[in-house]
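Architecture at a glance
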Amino acid sequence: MFTEPIPVTLLTGFLGSGKTTLLNQLIQQLPRSAIIMNEFGEIGLDHQLLKKTDGPLALLSGGCICCTVVGALSPTLKNLFMASSRGEIPQFERVIIETTGIADPAPIFDTLINERWIAARFQLNSVVTTVDAVLGDQQLDSYFEAVKQVAVADRLLLTKTDLADHHSAAALQARLAAINPAAPVITVQHGRVDPALILNAGLYDPANQTSEVKKWLNERRYRPAASITVMGRSAEAPVHDNRIRSFSVTFDKPLEWTGIYAALQMLLNLRAKSLLRMKAIVNLKGKDKPTVLHAVQHILHPPAELPEWPDDNRHSRFVFIVADLDAELVPQILREFNDAYASGLLPAPAAAR
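Only a predicted model underlies this, so the values are computations on that prediction, with no experimental measurement involved. (Residues numbered from 1 in each chain as written. Predicted model: local features only at pLDDT ≥ 70, side-chain atom pairs only at ≥ 80, totals over all residues. Heavy atoms only, no water.)

**Some details on the packing of aromatic side chains**
What counts, and what does not: Ring geometry is summarised as follows: Phe, Tyr and Trp rings, the Trp one being its six-membered ring, pair when their centres sit within 6.5 Å, and such pairs are stacked at plane angles under 30 degrees, edge-to-face over 60 and tilted between the two. A run of H or I in DSSP counts as a helix once it spans at least four residues, and a run of E counts as a strand once it spans at least two, with each numbered from the N terminus. Exposure classes here rest on a 1.4 Å probe applied to the protein chains alone. A residue is buried below 20% of its type maximum, exposed above 50%, and partly exposed in between. A ring is considered to have a charge above it if a Lys NZ or an Arg CZ atom is located within 6 Å of its centre and within 35 degrees of its normal.
Following the criterion strictly, the structure yields 8 aromatic pairs and no others. Pairing phenylalanine 81 with tryptophan 117 gives two aromatic rings, centres 5.6 Å apart and planes at 85 degrees, and the pair type is edge-to-face. Highlighted residues: phenylalanine 81 in helix 2 (residues 70-85) and tryptophan 117 in helix 4 (residues 116-121), separated in sequence by 36 residues. By relative accessible area, phenylalanine 81 is classed as buried at 10%. Across from the ring centre of phenylalanine 144, 3.8 Å away, lies the NZ or CZ of arginine 243, which sits over that ring.

Here it is in structure tokens:
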């Protein structure tokens, strides 16, 4: 019988950015890990480069884990869990999924959160994105997939810094911080990183110290939505960066849950591809304790109530990373839906009651 969901770390990053090198180092420090590797092509080769691990290895070949073989992730996780339960393979403490360099992580989130059997036994623990210090700028310029991988990350690992000049590496770090303000950028050489820096970095766990939610939200690194221009970043910024906007939204009065829920559902239903990441700590009417919210594209995680406020600030605070979406539209929708439901002009949606 299982007691707690098994943590899952999603390792992503563009082609050649050092994911497999990092994975080799991680499994030496975390030997009781189940590894799911996904490769683009009919014949898998990367798994042959992996060093020995005490956990099972599942290879998903024939395409990207998020598209042509998306249906394979769920049965793979089920098979790993059941085989471990029956003693057919060693028990494992965590799962690390390495995606292809062209992967969109969102469908993996969907599997982990919305498939009930999987969600009861596995929990997304963190999203880690590797970025090549030498080729990162070029990849971000050329491929919007690379920009999205950076935007949804909980941790950004800057690899191959020993091969890049200091000025270029510093400029790339500044660019990464502009795309995803809340994700720490960690310099990695030859794949070596302290696992503690990248594990337990995703969904906020109410079991943690309440003060940690401030670090998780990190709203001070986001500009208020009112200060974001319609055109996004400066004209000098690369074209893909101009499509990304990161901003914060604050409400000083308690919010109506039904209105906020309806507003977020509308954004998720109509503009899911644009809503790359949302985190929030909110003050809801009728509740003395704060509620934590988290969304990735079309997936809204179940709300979690904290045991207490992390500080004396009782304002509701949202942070967003969006693509191809006017930053001013988001607070407008939140405000209008909240006011409409608070005044009784609209009935509460069934799922929010």
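**Here we look at a nonpolar patch on the surface**
Rule in force here: Nonpolar side chains (Val, Leu, Ile, Met, Phe, Trp, Tyr) are joined into patches within 5 Å and like charges within 9 Å, using only residues with over 30% relative accessible area and no salt bridge. Here the accessible surface of atoms and residues is derived via Shrake-Rupley with a 1.4 Å probe, and residues count as covered only by protein chains that are part of the display. We define a salt bridge as a contact between a side-chain nitrogen of Lys or Arg and a carboxyl oxygen of Asp or Glu at a distance within 4 Å.
Taken together, Val134, Leu135 and Leu163 make up a surface patch of nonpolar side chains, about 270 Å² in accessible area. Note on placement: valine 134 falls in the loop between strand 5 (122-132) and helix 5 (136-142).

**Some thoughts on the pairing of strand 4 (residues 94-98)**
To be explicit about the condition: Between any two strands, pairing holds if DSSP finds at least two bridges.
With 5 of 5 residues buried, strand 4 lies mostly within the body of the structure. Side-chain alternation along strand 4 places Arg94, Ile96 and Glu98 on one buried face and Val95 and Ile97 on a second face that is also buried. Relative to strand 4, strand 1 (residues 6-13) is paired through 4 bridges, and the arrangement is parallel. Along strand 4, the bridge assignment pairs valine 8 with valine 95. Judged from the 5 bridges that link them, strand 2 (residues 33-38) and strand 4 form a sheet pairing that is parallel. Residue pairing in the sheet places isoleucine 35 in a bridge with isoleucine 96 of strand 4.

**A word on the side chain of lysine 279**
Just so we agree on the cut-off: Here a residue-residue contact requires only that any non-hydrogen atoms of the pair lie within 4.5 Å.
By the secondary structure assignment, lysine 279 is in strand 10 (residues 275-282). When sequence neighbours within four positions are dropped, the list of residues in contact with lysine 279 reads Asp154, Trp216, Leu217, Leu293, His294, Arg317, Phe318 and Val319.

**Quick word on helix 7 (residues 166-179)**
Our working rule: Expected helix span is taken as 1.5 Å per residue step, with the number of steps being one fewer than the number of residues. Directions are taken from the helix axis to each C-beta atom, and the arc is the one they span. Here a polar contact is taken to be a pair of N or O atoms separated by no more than 3.5 Å, where protein atoms must pair a possible hydrogen donor with a possible acceptor and residues adjacent in sequence count only if both atoms sit in side chains.
Its 14 residues give helix 7 an end-to-end C-alpha distance of 20 Å, which sits within 8% of 20 Å, the value for a rise of 1.5 Å per residue. Among the residues making up helix 7, those that are buried are Ala169, Leu172, Arg175, Leu176 and Ile179. The buried residues of helix 7 occupy an angular sector of 120 degrees when the element is viewed end-on, so they sit on one face. Facing away from the buried side of helix 7 by more than 90 degrees, the exposed set consists of His166 and His167. Near the N-terminus of helix 7, the side chain that reaches the backbone nitrogen of histidine 167, with its oxygen 3.2 Å away, is that of aspartate 165.

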